[in-house]
Amino acid sequence: DTRSIAYDWMLEHLPRNAIVAREQYTPQVRPDRFRLRNHDGLYQRDMAWYRQQGVRYLVASEEIDRRYVDNPATPSRSAFYHELFSMPEVFRVEAGEQRPGPTIRIFDLSAASRD
């Protein structure tokens, strides 16, 4: 499953105690490994809030973003995900023939802040 692959990647590559914001349908990581900011959807906060909270990584699921991106009924949520997708992507895993699950993408907010 894409979430399992993303989970393993996070454990191997993200610093212990990094502040990670994640939405539904992404890996369920333990709070003893990362400092978590969990939301139904990342769009529930804006980028300024994530920066203020010291969030370093944002973990997005296609299961959420596909509902809103370029949807004329949800312009602010669409704008949020377009902004997110313009940030440095450090990891992506997509479903395949032997790999079910939503596309999981991880973005480095700290790298975006330096630009």
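Here the structure is a predicted model, which is why all the values come from computation and not from measurement.

Reading the values: the criteria
Residues numbered from 1 in each chain as written. Predicted model: local features only at pLDDT ≥ 70, side-chain atom pairs only at ≥ 80, totals over all residues. Heavy atoms only, no water. Helix = DSSP H or I, 4+ residues; strand = E, 2+ residues; numbered from the N terminus. Buried < 20%, exposed > 50% of the residue type's maximum accessible area, 1.4 Å probe, protein only. Lys, Arg positive; Asp, Glu negative; His and termini not counted. Salt bridge = Lys/Arg side-chain N within 4 Å of Asp/Glu carboxyl O. Contact = heavy atoms within 4.5 Å. Polar contact = N/O pair within 3.5 Å; in protein donor to acceptor, adjacent residues only side chain to side chain. Pairing = 2+ DSSP bridges.

1. Overview of the side chain of Asp65
Piece 1. Relative to the elements of secondary structure, Asp65 occurs in helix α3 (residues 62-65).
Piece 2. No salt bridge is formed by the buried Asp65, whose closest oppositely charged neighbour, Arg105, lies at an N-O distance of 5.5 Å.
Piece 3. Setting aside anything within four residues of it in sequence, one finds Asp65 in contact with Tyr81 and Phe85.

2. Looking at the environment of Arg105
Piece 1. Within the secondary structure, Arg105 sits in strand β5 (residues 104-108).
Piece 2. The class for Arg105 is buried, based on a relative accessible area of 13%.
Piece 3. When the C-alpha atoms of Arg105 and Thr26 are compared, they prove to be 8.9 Å apart, with 79 residues separating the residues in sequence.
Piece 4. Residues in contact with Arg105, not counting those within four places in the same chain, are Leu58, Val59, Ala60, Phe85, Glu89, Phe91 and Arg92.
Piece 5. Side-chain polar atoms of Arg105 contact the side chain of Glu89, separated by 2.8 Å.

3. Structural notes on the pairing of strand β3 (residues 57-61)
Piece 1. With five of five residues buried, β3 lies mostly within the body of the structure.
Piece 2. Going residue by residue along β3, you find Tyr57, Val59 and Ser61 tucked away on one face and Leu58 and Ala60 tucked away on the opposite face as well.
Piece 3. With three bridges connecting them, strand β1 (residues 19-23) and β3 associate as parallel partners. Considered in β3, the bridge of Arg22 is made with Val59.
Piece 4. Both β3 and β5 contribute to a ladder of five bridges, which runs antiparallel. Pairing of Leu58 across the sheet is with Phe107, part of β5.

Honestly, it's all geometry; don't read function into it.
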